[in-house]
Amino acid sequence: MIDALGACPGAPDPGGRPAGAHGRRHPLEPWLGSVVLPAALIMGDGVVDRMFGRTDGMFGLWFPGIGKAVMLADPGLVRDVFRAPGGVIDSAEANRVQEPVIGPQGLGRLDGQGHRRLREIMAPAIRHRVSARLRAATEELAQSVADRCPAGTPFALRPRLHAALMDAILDVTLSVDPARGHAWREPLRELFRRADSYEITVRYALRHAGGMALWPSYRRAKEACDRLIYDEISRRRREGEGDDLLGVLMRARDEHGARLTDQVLRDQVMSMIAGARTTTATGLAWAFERVVRHPGALRRLSAESDEGTSDVYATAVAYEALRVRPPVAFFGRVVRLPFELGGRVLEPGTTIIVHLRSLHHDPGLYPDPAAFRPERWLGRRPGGYGWMPFGGGSHTCLGDRLAVMQMKAFLRVFTRSLELSPAEPADEQIRWKAVSNTPGSDCRVIARRR
Ligand code: HEM
């Protein structure tokens, strides 16, 4: 779906538009940008929109613990970042903040040959093996979630999707039987509760003064998860590797022909769980939040699901939901050598943050950009530098195809089995939670059996 540059044929692309053509030029000092994120947390993402409205699709910020940063929403500027000469942009450094969970050897923290080799091993197991069997298993999972939804009373759908898709990633990665998944779910929940808290941001900013090291409850939660993974690796070394993602990794060899170490195996297992645990459920929750407020789209989706011969419209709904409400709020890169971007020279060490929702609302690429219109994607595939919910380049999301497949399966099964309507007519607000854009009321809907 997405090539090594994050682009694919047929994708909307900034084309010949000059970088920085998003809005009016109005350079802003980093201190002003620095109030934007705290303000956005309190007042909503509209603050970010106003900043982009006053600038040329890029403004400066300063964060404690991170330092200088620029935030981008212009597809032309994003293209320039992805096309920078080798060695200028570092793709792993901005993921340092994930290291307490995914570890120093987690996919997001690696670059170069070691990163490429691991992706070559993992991609066939995850990206290219979104097989008929996995599709059928996902439909079964979706059906069991749909069957357990309360009928006729409002309820929050996102937590149910979250629990189901956590089970799905534990199955794909480690073949954990959902009936016995409790042993994994509890310690993971404890770890991610801390990883998603604002406390981790403050502690991370103070990491050189011991902010992370001196956090016993976090250390205990991480050790409990590590113990589970290392025990599983030892068991498989005795009893056989298995054919899930961990099995594939255990049979693989690194670029020097050696087995992957236990630390590397652990870090990839945690990378998969961390990458998948909330993203797809949140993307799907937004897809339902949007589609139930657009009766024409809902009717068309239900008709296609009933017919059961095509998934063209479900695909378009998934792409459009990922455009208007990208579940991951932003991704980052770090400048290694002085880099000219949009007429400014960024110093080494500057973090580049791509703000996805603003990027996806470029009126030059999407007429009436705030409108939810799955029809935009009929006969057109997404990609390019104006649709990047999965990031791009060598670090593009490893779970993109799995996620889109899961979203389509849930959309199909839910609209076939249930008549859905919004619990409240007003759109749900975007709530920032860690780096996620979450529906403010967790996607409250009313479901009636069909
Ligand atoms: C709708 C669902 C998802 C969204 C929106 C999403 C989004 C992203 C984004 C924005 C990145 C950063 C890419 C970059 O820096 O260029 C990423 C990386 C990653 N994602 Fe996802 N993700 C989703 C689902 C998944 C799933 C289901 C998995 C696991 C099966 C997964 C595993 C990963 C991994 C391992 C990486 C790191 C890749 C690397 O650094 O080489 N993601 N994802």
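Everything numeric here is computed off the predicted structure, so don't read it as measured data. (Residues numbered from 1 in each chain as written. Predicted model: local features only at pLDDT ≥ 70, side-chain atom pairs only at ≥ 80, totals over all residues.)

Draft legend 1. Summary view of the overall build of the protein chain. Looking only at helices and strands, the protein chain features 18 helices and twelve strands. Put simply, the protein chain has 450 residues, and 44% of those count as buried. Within the protein chain, contacts between residues separated by at least 24 positions form 76% of all contacts whose residues are at least 6 apart in sequence. (Helix = DSSP H or I, 4+ residues; strand = E, 2+ residues; numbered from the N terminus. Buried ≥ 20, exposed ≤ 12 C-beta atoms within 10 Å, placed from the backbone. Contact = placed C-beta atoms within 7 Å.)

Draft legend 2. Representation of helix 8 (residues 158–174) in the model. If you check helix 8, its first and last C-alpha atoms are 24 Å apart, about what 17 residues at 1.5 Å a residue would give, namely 24 Å. Within helix 8, the full set of buried residues consists of Arg-158, Leu-161, Ala-164, Leu-165, Met-166, Asp-167, Ala-168, Ile-169, Leu-170, Val-172, Thr-173 and Leu-174. At the exit of helix 8 stands Ser-175, carrying a positive phi of roughly 55°. (Expected span 1.5 Å × (residues − 1).)

Draft legend 3. Seen up close, the site of the ligand. The immediate surroundings of the ligand are formed by 27 residues, with Gly-275, Thr-279, Gly-391, Cys-397 and Gly-399 found nearest. Of all the secondary-structure elements, those providing two or more residues to the shell around the ligand are helix 6 (112–126), helix 13 (262–276), helix 14 (279–291) and helix 18 (400–417). Sort the elements by how many residues they give to the shell around the ligand and helix 13 lands first, with four residues. For the shell around the ligand, the class distribution of residues is 14 nonpolar, twelve polar and one charged. (Near = placed C-beta within 6 Å. Nonpolar A, V, L, I, M, F, W, Y, C, P; charged D, E, K, R; others polar.)

Draft legend 4. Expanded view of the confidence of the model for the protein chain. Looking at the protein chain as a whole, the pLDDT averages 88, with 89% of positions reaching at least 70. Low pLDDT, under 50, characterises residues 1–28; the stretch is placed with 85 contacts to residues that sit more than four places away or in other chains. (pLDDT = per-residue confidence, 0-100.)

Draft legend 5. Structural view of the environment of Gly-332. Tracing the chain through its elements places Gly-332 in strand 5 (residues 330–335). Residue class for Gly-332 comes out buried when judged on the 20 C-beta atoms lying within 10 Å of it. Once the C-alpha coordinates of Gly-332 and Asp-90 are considered, the two residues, 242 residues apart in sequence, prove to be 9.4 Å apart. When residues no more than four places from it in sequence are discounted, the contact partners of Gly-332 are Ala-94, Thr-351, Ile-352 and Ile-353.

Draft legend 6. Examining unusual backbone geometry more closely. Look at Ser-175: it is not a glycine, yet its phi comes out positive at around 55°. With respect to the secondary-structure elements, Ser-175 resides in the loop between helix 8 and helix 9 (182–195). One non-glycine residue with positive phi stands out, namely Cys-443, at about 60°. Mapped onto the elements of the fold, Cys-443 is located in the loop between strand 11 (436–439) and strand 12 (444–449). On the neighbour-count criterion, Cys-443 (27 C-beta atoms within 10 Å) is buried.

Draft legend 7. Summary view of the packing of helix 14 against helix 18. Look at helix 14 against helix 18: their axes get within 10 Å of each other, and the N-to-C directions meet at 40°. Classified by the angle their axes make, helix 14 and helix 18 are oblique. Read as a crossing pair, helix 14 and helix 18 show a hand that is right-handed. Contacts from Thr-279, Thr-280, Gly-283, Leu-284 and Ala-287 of helix 14 reach helix 18 at Ala-403, Gln-406, Met-407, Phe-410 and Leu-411. Its residues assigned to classes, the contact of helix 14 with helix 18 shows six nonpolar, four polar and no charged. (Axes fitted to C-alpha atoms, helices over the stretch in contact; angles between N-to-C directions. Parallel < 35°, antiparallel > 145°, perpendicular 65-115°, else oblique. Left-handed = near helix turned anticlockwise from the far one by under 90°.)

Draft legend 8. Seen up close, the sheet that holds strand 4 (residues 155–156). Reading across the sheet, the three strands line up as 4-12-9 and stay open at both edges, with antiparallel pairing between neighbours. Looking at which strands have only one partner, the edges of the open sheet turn out to be strand 4 and strand 9 (418–422). Here strand 4 pairs with strand 12 via two bridges, running antiparallel. Paired with Ala-156 across the two strands is Arg-444, which belongs to strand 12. (Pairing = 2+ DSSP bridges.)

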